[in-house]
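Residues per chain are reported as follows:
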Amino acid sequence: MNEDISHIFRSYDVRGIYGKDLDESIMERIGNAFAKHTKNDVIVARDMRIHSAALCNAFITGVLAEGLNVTFLGVLPLGVGMFHAWKKQNYAYITASHLPKEWNGVKFYHENGVGFFENENFEVRDIVISNKMEKAKTRGNLIKEDTKKIIENYKKYILSKVKTKKKLEILLDTGNGCAGLVAKDLFTRAGFSAKAIYEELDGTFPNRNPEPSEDP
């Protein structure tokens, strides 16, 4: 592991290579620092990357140690969790976005849906680097939400805003990512003829890189 982890804190998120820049112990410190920074209960969700479960558990452990409560939404797309957290609590999502499978990280959002700015990510970084992870007198509580219900509520909201004027045939490539949980069903229920490839969740990304690109 790199001793200096300051470089994993970027302008809009935290990202590093698992086992080199980031592991469970560091993610626990990040969760604790995030809790110290926000001072409010947190909503947490994750993607399907192969180390996201372990990193998510570590992040939650760090938040709980600060005495704050965590509502865990499960595995779902980033936007679904943002919709659920909107106007409720701050939101943390474990992911490395479009980066290759070796990477992982976390994105932070305010309860109004706005992501943390660079200075806020750096404030969390400074707390992590100070290495002050003192446990609160009272440990926070972990609340687990119904993931399927959250996804269905999101779909219903989106569909209430969509009016189909022309039925189109649509082919979706969800790249084995979490979009596979919602995309095809959303388009189908909106009135389109939708088919999907690489719909199964797979954190090893066996079919293509997470970031779409033209074939060479």
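Here, every reference points to the structure presented above.
Bear in mind the structure is a predicted one, so any value in this text is a computation, not a measurement. (Residues numbered from 1 in each chain as written. Predicted model: local features only at pLDDT ≥ 70, side-chain atom pairs only at ≥ 80, totals over all residues. Heavy atoms only, no water.)

(A) Region of interest: the nonpolar core. By size, the foremost hydrophobic cluster in this structure holds 30 residues, and its most contacted members are Met27, Ile30, Val44, Phe59, Val106 and Phe108. Of all elements in the fold, only α1 (24–38), β2 (42–46), α2 (52–65), β3 (70–75), β4 (90–94), β5 (103–109) and α4 (118–130) reach the threshold of two or more residues within this core. Top element by residues in this core is α2. It accounts for seven residues. In this structure, phenylalanine 108 is in contact with Val14, Ile30, Phe34, Phe59, Tyr91, Ala92, Gly115, Phe116, Asn121 and Val124, ignoring residues within four places of it in sequence. With 23 residues, the next largest nonpolar core counts Tyr109, Ile150, Tyr154 and Leu172 among its residues. (Core = buried A, V, L, I, M, F, W, Y, C linked by side-chain atoms within 4.5 Å. Buried < 20%, exposed > 50% of the residue type's maximum accessible area, 1.4 Å probe, protein only. Helix = DSSP H or I, 4+ residues; strand = E, 2+ residues; numbered from the N terminus. Contact = heavy atoms within 4.5 Å.)

(B) Region of the structure containing α2. The terminal C-alpha atoms of α2, which comprises 14 residues, lie 20 Å apart, in line with the 20 Å expected from a rise of 1.5 Å per residue. The element α2 is largely enclosed, with a buried count of 10 among its 14 residues. Of the positions making up α2, those classed as buried are Ser52, Leu55, Cys56, Ala58, Phe59, Ile60, Gly62, Val63, Leu64 and Ala65. Turning to α2, the residues buried within the fold contact α1, β2, β3, β4, β5 and β6 (142–144). Looking one or two places after α2, you find glycine 67, whose phi comes out positive at around 95°. (Expected span 1.5 Å × (residues − 1).)

(C) Quick peek at the packing of helix α3 (residues 78–85) against helix α5 (residues 147–161). At a minimum axis distance of 10 Å, the contact between α3 and α5 shows a crossing angle of 85°. The angle between α3 and α5 falls in the class roughly perpendicular. For the pair formed by α3 and α5, the contact residues are Gly79, Val80, Phe83 and His84 on the first element and Ile150, Ile151, Asn153, Tyr154 and Tyr157 on the second. Across the contact of α3 with α5, the residue classes break down as six nonpolar, three polar and no charged. (Axes fitted to C-alpha atoms, helices over the stretch in contact; angles between N-to-C directions. Parallel < 35°, antiparallel > 145°, perpendicular 65-115°, else oblique. Nonpolar A, V, L, I, M, F, W, Y, C, P; charged D, E, K, R; others polar.)

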